[in-house]
Amino acid sequence: MRLTKIARLRLRSLFSRNKVEQELGEELRYHLDRQIEAEIAAGKTPEEARHAALRAIRDVEQRKEDCRDIWGLVWLEDLKSDFRYAFRQFHKHKSFYAVAAVILALGIGANTAIFSAVDGVLLRPFPYRQSDRLVSVWCMEPAQGIPKMGCALPDLRAIAARNRSFKALAEYYSGDINLTSGTPERVSGVYASANLFHLLGAHPALGRTFSPSEEVFGRNRVVVLSDALWRERFRGMPGAIGKIVHLNDEAYTVIGVMPPDFHFPNPGAMLWLPMSFAPNDSMATRGNDFISAIARRRAGVSIAQAKADVRSIARRLQREFSQNAGVGAGVSNYLSSVVGDVRPVLLILLGAVGIVLLIACVNVANPLLSKASGRKREHSVRAALGATRARLLRQLLTEGVLLGGAGACLGIALSVWLVRVIRVIGPDRIPRLQSIGIDPPVLLFAVAVSFLSVLVFGLAPAMSLTRGRIGEMLKEGGRSSTAGSRTGRFRDGLVIAEIGLSLVLLIGAGLLLQTLWRLQHTSPGFQPANVLTMSVTLPQAKYPWNEPGKTVHFFAELTKRLRRVHGVAAVSASTAMPITGWGGWGKYFTVEERPASRLSDVPVIQYRQVMPQFVKALGISVVKGRFFTPDDTGTRPLVAVIDESARRRFFPNENPIGKRVSPTASDSILAKLLHRPGVHAPRFTIVGVIGDVKQAGLSQPAQPALFVSYLQTTVKDTEAPGNKMFLFIKVHSDPLGYAAVARRIVQSIDPEQPVADVATMDQRLKTSLSMQRFQLDLFGAFALLALILAAVGIYGVLSYSVRLRMHEIGIRMALGASASDVLRMVIIHGFRLGIYGVIAGSILALGVTRLMTSLLFGVSAEDGVTFAMASLLLMAVVAAASFLPSLRAARTDALTVLRME
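Given the structure is predicted, the values throughout are model-derived calculations rather than measurements. All residue numbers here refer to positions counted from 1 along the written sequence of the relevant chain. With pLDDT at 70 or above as the cut-off, local features in this predicted model cover only qualifying residues; side-chain atom pairs require 80 or more to be listed or tallied, and sums for whole chains, interfaces and linings still use all residues. In computing side-chain properties, one takes all heavy atoms of the structure into account and sets aside hydrogens as well as water.

(A) Quick look at the overall build of the protein chain. Under the scheme used here, helices are H or I runs from DSSP no shorter than 4 residues and strands are E runs no shorter than 2 residues, and both carry numbers assigned from the N terminus. The helix and strand inventory of the protein chain stands at 26 helices and 25 strands. Classification of residues uses two cut-offs on accessible area relative to the type maximum, computed with a 1.4 Å probe and protein chains only: under 20% is buried, over 50% is exposed, and between them is partly exposed. Out of the 901 residues belonging to the protein chain, those deemed buried represent 50%. Exposure was quantified through the Shrake-Rupley algorithm and a 1.4 Å probe, taking into account, for residues, occlusion by the shown protein chains and nothing else. A total accessible area of about 41,700 Å² is found for the protein chain, and carbon and sulfur atoms account for 59% of it.

If you want it as structure tokens, here you go:
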């Protein structure tokens with residue numbers, strides 16, 4: 001049914017929808033009750049009368065539907081009218097609504113950017129088949145203070161064979177691989193069982209993955225490349241399949257290339273090889289807990305059931321094998337195991353940015369509320385002319401939707417830039433951070449946030465205008481009236497809430513600032529200045545475990561040549577890199593005078609193999625005795641050095657110098673484990689004690705460590721020398737200037753050995769604090785934004801309050817009040833709001849900051865100094881924001897104001 005605009009307006013003015021429906025109902029009853037009788041009286045048969053009545057009913061229903069269509073058009077016309085009126089309001093007050101949209105955009109943009117990180121890191125499933133059913137399987141030794149570690153290969157094979165919870169289980173471990181085809185390069189590789197790709201549901205883009213038969217040692221010379229390595233080394237040519245590449249000085253055949261989105265177990269993985277061990281390789285025996293595992297749960301099996309199943313198997317293995325004493329096992333969701341301790345960081349940041357959005361909404365609601373007070377007369381007139389409350393509310397919400405839409409568009413544009421910033425400043429410790437972006441789920445979140453924002457800042461002004469009687473609204477709308485007391489109290493309440501929420505963010509930023517400051521002033525146990533570091537990994541094919549002399553000779557020759565370089569003060573090497581957590585491993589520790597009788601009672605100590613000049617190169621203090629010298633070789637008695645943590649734990653009340661220790665269990669336990677009566681573990685004599693060196697980060701306490709001379713690892717029955725060593729070069733000038741020299745010396749000894757991980761020790765220290773800096777940068781930015789918004793909000797409320805009270809102020813000054821009295825009155829009003837806000841914010845912060853405990857170091861979540869400093873800063877901002885409105889009030893001319901009234 002087509003109607004002209006005039007017809008629609010006439011219909012709207014003459015009828016209400018209820019009236020039309022009522023009339024249609026009466027007509028329908030008439031047809032139902034009378035039509036059949038009339039048709040029969042006209043001589044029709046009952047059957048003909050029934051058909052005629054049905055036709056009448058259809059006519060009535062059609063008329064009713066036509067009327068509904070008309071009212072739908074009327075409602076649409078009303079909506080168009082609302083939007084036209086809203087656009088006129090926006091055009092009339094362009095500056096006001098532009099500022100409001102920008103404030104809203106800041107909140108929406110920041111929330112969208114942080115949510116994109118939360119979604120990309122914590123919520124987005126991995127690109128594997130049914131990734132929600134993937135779990136990590138790991139081992140632990142609670143008695144040794146090790147809550148999570150890798151597992152031994154026999155233990156994982158036993159779990160795979162005995163469990164009732166997993167459809168499949170795959171083992172893998174990562175390692176550095178020297179790629180010597182062309183320019184020597186070290187890449188990150190993954191050794192995995194053949195069923196890994198099938199378990200993940202991953203298929204190669206080219207070729208195939210390896211088969212179970214290729215896990216057999218000697219048949220394992222095949223490799224699957226990542227898309228990035230394939231494009232780098234083979235220029236993306238399909239002919240790469242079947243080509244030979246040299247990995248760790250051994251020839252491997254390329255059998256497949258994975259697609260670009262396959263990055264298991266991390267984006268740094270460049271190639272995958274079959275996990276294979278030689279028949280007599282001790283690394284595949286119990287006690288060597290370094291292998292990771294991923295499993296797929298059976299349908300209907302929960303993580304709790306899988307965890308109980310695996311723990312039961314671990315307890316049985318403890319009873320069956322003495323090497324498994326104290327070794328347990330656990331299961332966790334794979335996504336949770338990957339994100340680790342990143343989850344609380346991102347969730348706390350999401351909560352903080354949510355507070356910023358709430359403050360932004362309050363900051364928009366307050367001026368809108370003030371503006372609404374000035375429009376009360378307009379709306380009261382409209383109400384008196386017949387506009388319903390629902391009609392007025394719809395008009396105001398339409399304006400809110402337009403403002404929210406403008407803020408959302410600006411916010412989404414801002415979030416695109418903020419996401420790029422997060423990717424740049426985000427630390428490498430946050431997995432999948434580089435893949436975040438503004439995708440459909442994030443856009444949906446932005447729309448939802450915008451809608452909620454409209455409700456938050458739009459309902460308060462709308463409700464304030466649509467409640468109350470028309471007469472009261474007309475009286476309050478006069479030029480000389482002040483704002484209603486209820487509306488004024490509500491505006492003050494919004495400012496108090498804004499101040500309180502800002503204080504929560506300021507306190508949180510203050511706690512994180514103290515954490516970073518304390519970490520930066522925490523001694524790592526060494527002097528990082530002018531120290532160049534790098535790593536060199538020697539392949540086992542060329543430097544086998546059973547020929548330790550070749551490995552030791554390489555690093556001894558390398559350090560000797562580096563010491564000859566002009567400007568080099570000291571050179572050393574170690575199997576572990578301080579502060580990073582790289583390298584090193586735990587070993588059992590036995591003091592000869594106090595051997596344990598059970599394996600579960602043998603303590604664990606961190607084990608390091610180091611070269612001479614280690615303490616000199618890193619500036620580590622020698623507390624007692626001496627450190628290793630070039631004379632501590634395989635021809636001399638075995639010697640060892642411990643750190644202060646080990647001295648406090650194992651020799652608390654005695655001098656450790658001269659004590660004999662062994663980095664393994666006692667002879668009696670070894671005889672039982674190895675079934676070799678009369679076996680003797682090597683004995684090391686402690687010759688020195690050095691200061692503690694932070695290994696796992698500045699926030700982590702130093703663990704007891706045992707240092708042995710790398711030059712003595714050629715002795716029979718000692719631990720074989722590590723084939724991956726970290727070099728430390730102490731120089732007098734710019735350390736990075738010596739990187740090229742070091743690389744040339746390495747390749748002069750062996751041209752096929754690449755150098756990797758080149759960085760100064762200062763850079764590594766800075767990197768170790770990247771997560772804390774990331775937290776502080778974002779939290780501090782949010783706190784600063786909240787502080788600015790709070791200042792704007794206080795200024796706006798006080799300015800509007802002064803403008804409304806000009807008549808009152810004029811009367812006060814006419815009756816004798818001085819400018820200082822008026823100044824004091826306005827400032828006291830601002831300070832009162834600030835004090836109430838600080839009290840409310842402090843109470844709220846006491847609960848909120850406890851959620852940040854895991855992010856703090858050296859400072860309590862209820863630190864009084866931080867609370868006090870944040871409160872003083874906020875009150876200073878309140879004072880600054882109150883000054884201009886109070887100054888304007890103090891300069892009021894009483895005669896001018898009264899004449900205007």
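(B) Summary view of the packing of helix H24 (residues 819-848) against helix H25 (residues 864-890). As a rule, the C-alpha atoms of each element are fitted with a line to give its axis, helices using only the stretch in contact, and angles between N-to-C directions run from 0 to 180 degrees. Their axes nearest at 8 Å, the elements H24 and H25 cross at an angle of 155°. In terms of orientation, H24 lies roughly antiparallel with respect to H25. Crossing of H24 against H25: the hand is right-handed. The nonpolar class holds Ala, Val, Leu, Ile, Met, Phe, Trp, Tyr, Cys and Pro. Asp, Glu, Lys and Arg form the charged class, and all remaining residues, Gly among them, are polar. For the contact of H24 with H25, a count of residues per class yields 19 nonpolar, six polar and no charged. Throughout, the term roughly parallel applies to angles under 35 degrees, roughly antiparallel to angles over 145, roughly perpendicular to angles from 65 to 115, and oblique to all others. Each crossing gets its handedness from the near helix: less than a right angle anticlockwise from the far helix is left-handed, clockwise is right-handed.

(C) Examining the pairing of strand S11 (residues 328-333) more closely. When you tally the buried positions in S11, you get five out of six residues, the bulk of the element. With six bridges connecting them, strand S1 (residues 134-141) and S11 associate as antiparallel partners. From the neighbouring strand, Ser 136 faces S11, where its bridge partner is Ser 332. DSSP-based pairing: two strands are paired if at least 2 bridges between them are found.

(D) How the structure looks around the state of the cysteines. Count a disulfide wherever a pair of cysteine sulfur atoms falls within 2.5 Å. Taken as a whole, this structure holds one disulfide when the rule is applied. Across a sulfur-sulfur distance of 2.1 Å, Cys 139 and Cys 151 are joined as a disulfide pair. With the S-S bond torsion at 110°, the cross-link from Cys 139 to Cys 151 turns out right-handed. Highlighted residues: Cys 139 in strand S1 and Cys 151 in the loop between strand S2 (146-149) and helix H5 (153-162), separated in sequence by 12 residues. Accessibility classification places Cys 139 together with Cys 151 in one group, the buried group.

(E) Representation of empty space enclosed by the protein in the model. Note on definitions: the grid is 1 Å and covers protein atoms alone; a cavity is a set of points where a 1.4 Å probe fits but cannot get out; a pocket is an open set with protein on both sides within 12 Å along at least five of seven lines; lining residues have an atom within 4 Å of a point. Grid points are joined across faces, edges and corners, and a volume is the space filled by probe spheres set on the points. All told, the structure shown has six cavities of 30 Å³ or more when counted by the stated rule. Considering only enclosed or pocket space, the second largest cavity measures out at about 100 Å³ in volume. For the second largest cavity, the full set of lining residues is Ser 574, Ala 576, Pro 578, Gln 606, Arg 608, Phe 614, Asp 643, Val 693, Gln 695, Gln 703, Ala 705 and Phe 707. Elements with a contribution of two residues or more to the lining of the second largest cavity: strand S18 (604-610) and strand S23 (705-709). Across the lining of the second largest cavity, the residue classes tally to six nonpolar, four polar and two charged.

(F) Focus on the pattern of salt bridges. For this analysis, a salt bridge means a side-chain nitrogen from Lys or Arg found within 4 Å of a carboxyl oxygen belonging to Asp or Glu. Considering all chains together, one arrives at 29 salt bridges under this definition. Notably, a salt bridge pairs Asp 227 with Arg 231, separated by 3.0 Å at the nearest N-O pair. Residue Asp 227 and its partner Arg 231 are located together in helix H7 (residues 227-234), separated by four residues, close to a single helical turn. On the basis of relative accessible area, Asp 227 is assigned to the buried category, the value being 13%. A salt bridge links Glu 862 to Arg 850, with the nearest nitrogen and oxygen atoms 3.2 Å apart.

(G) Spotlight on a nonpolar patch on the surface. On the surface, a nonpolar cluster with roughly 480 Å² of combined accessible area is contributed by Phe 831, Ile 835, Tyr 836, Ile 839 and Ile 843. Residue placement: Ile 835 occurs in helix H24. Residue Ile 835 is classed as partly exposed on the basis of its relative accessible area of 42%. Residues qualify for a patch when their relative accessible area is over 30% and they have no salt bridge, like charges being joined within 9 Å and the nonpolar side chains of Val, Leu, Ile, Met, Phe, Trp and Tyr within 5 Å.

(H) How the structure looks around the pairing of strand S13 (residues 568-574). Taken across its seven residues, S13 has six buried, putting it largely inside the fold. Bridging between S13 and strand S24 (residues 724-731) involves six bridges; their strand directions are antiparallel. Counterpart to Ala 570 in the pairing with S24 is Lys 730.

(I) Structural view of the environment of Phe 774. Structurally, Phe 774 is set in helix H22 (residues 770-804). Residues are treated as being in contact if the distance between any of their heavy atoms lies within 4.5 Å. With residues up to four places along the chain from it excluded, the contact list for Phe 774 reads Leu 349, Ile 422, Ile 425, Gly 426, Pro 427 and Ile 430.

(J) Seen up close, unusual backbone geometry. The omega angle of the peptide bond from Phe 264 to Pro 265 is -5°, so this bond is cis rather than trans. By secondary structure assignment, the location of Pro 265 is in the loop between strand S8 (250-257) and strand S9 (269-274). Positive phi, close to 65°, is recorded for Asp 249, a residue that is not glycine. Relative to the assigned elements, Asp 249 resides in the loop between strand S7 (244-247) and S8. Although it is not a glycine, Asp 757 adopts a positive phi angle of roughly 55°. The residue Asp 757 is located in strand S25 (residues 756-760) in this model.

(K) Geometry of the environment of Asp 176. Secondary-structure assignment places Asp 176 in strand S3 (residues 166-179). Relative accessible area serves as the criterion here: at 26%, Asp 176 is assigned to the partly exposed category. Once the C-alpha coordinates of Asp 176 and Gly 189 are considered, the two residues, 13 residues apart in sequence, prove to be 5.9 Å apart. Apart from the residues within four sequence positions on either side, Asp 176 is in contact with Arg 186, Val 187, Asn 248, Thr 537 and Lys 724.

(L) Structural context of the nonpolar core. Judged by nonpolar contacts, the single largest core of 138 residues is most densely connected at Leu 200, Ile 294, Leu 505 and Phe 782. Leaving out residues up to four positions away in the same chain, Leu 505 has contacts with Ala 352, Ile 355, Val 356, Ile 359, Phe 779, Phe 782, Ala 783 and Ala 786. What is meant by a nonpolar core is a set of buried Ala, Val, Leu, Ile, Met, Phe, Trp, Tyr and Cys residues, joined one to another through side-chain atoms within 4.5 Å. Residues Tyr 191, Val 254, Leu 273 and Val 301 belong to the second largest nonpolar core, which totals 44 residues.

(M) Expanded view of the packing of aromatic side chains. Centre distance within 6.5 Å is the pairing criterion for rings of Phe, Tyr and Trp, where only the six-membered ring of Trp is used; planes under 30 degrees apart are then read as stacked, over 60 as edge-to-face, and the remainder as tilted. Evaluated as defined, the whole model comprises 24 aromatic pairs. When the ring of Trp 585 is compared with that of Tyr 607, the centres are 5.5 Å apart and the planes differ by 45°; the resulting orientation is tilted. Taken as a pair, Trp 585 in strand S16 (residues 585-588) and Tyr 607 in strand S18 lie far apart in primary sequence, 22 residues in all. The class for Trp 585 is partly exposed, based on a relative accessible area of 29%. Among the residues examined, Tyr 607 registers a relative accessible area of 2% and is labelled buried. Centroid distance Phe 627 to Phe 628: 4.8 Å. Interplanar angle 50°. Geometry classified as tilted. With relative accessibility at 8%, the residue Phe 627 sits in the buried group. Ring-pair connections join several aromatic residues into one group, and the members of that group are Phe 126, Tyr 128, Tyr 172, Phe 197, Phe 210, Phe 262, Phe 264, Trp 272 and Tyr 334. The ring of Phe 321 is capped by Arg 286, whose NZ or CZ atom sits 3.6 Å from the centre of that ring. Definition used: whenever NZ (Lys) or CZ (Arg) falls within 6 Å of the ring centre and also within 35 degrees of the ring normal, the charge is taken to sit over that ring.

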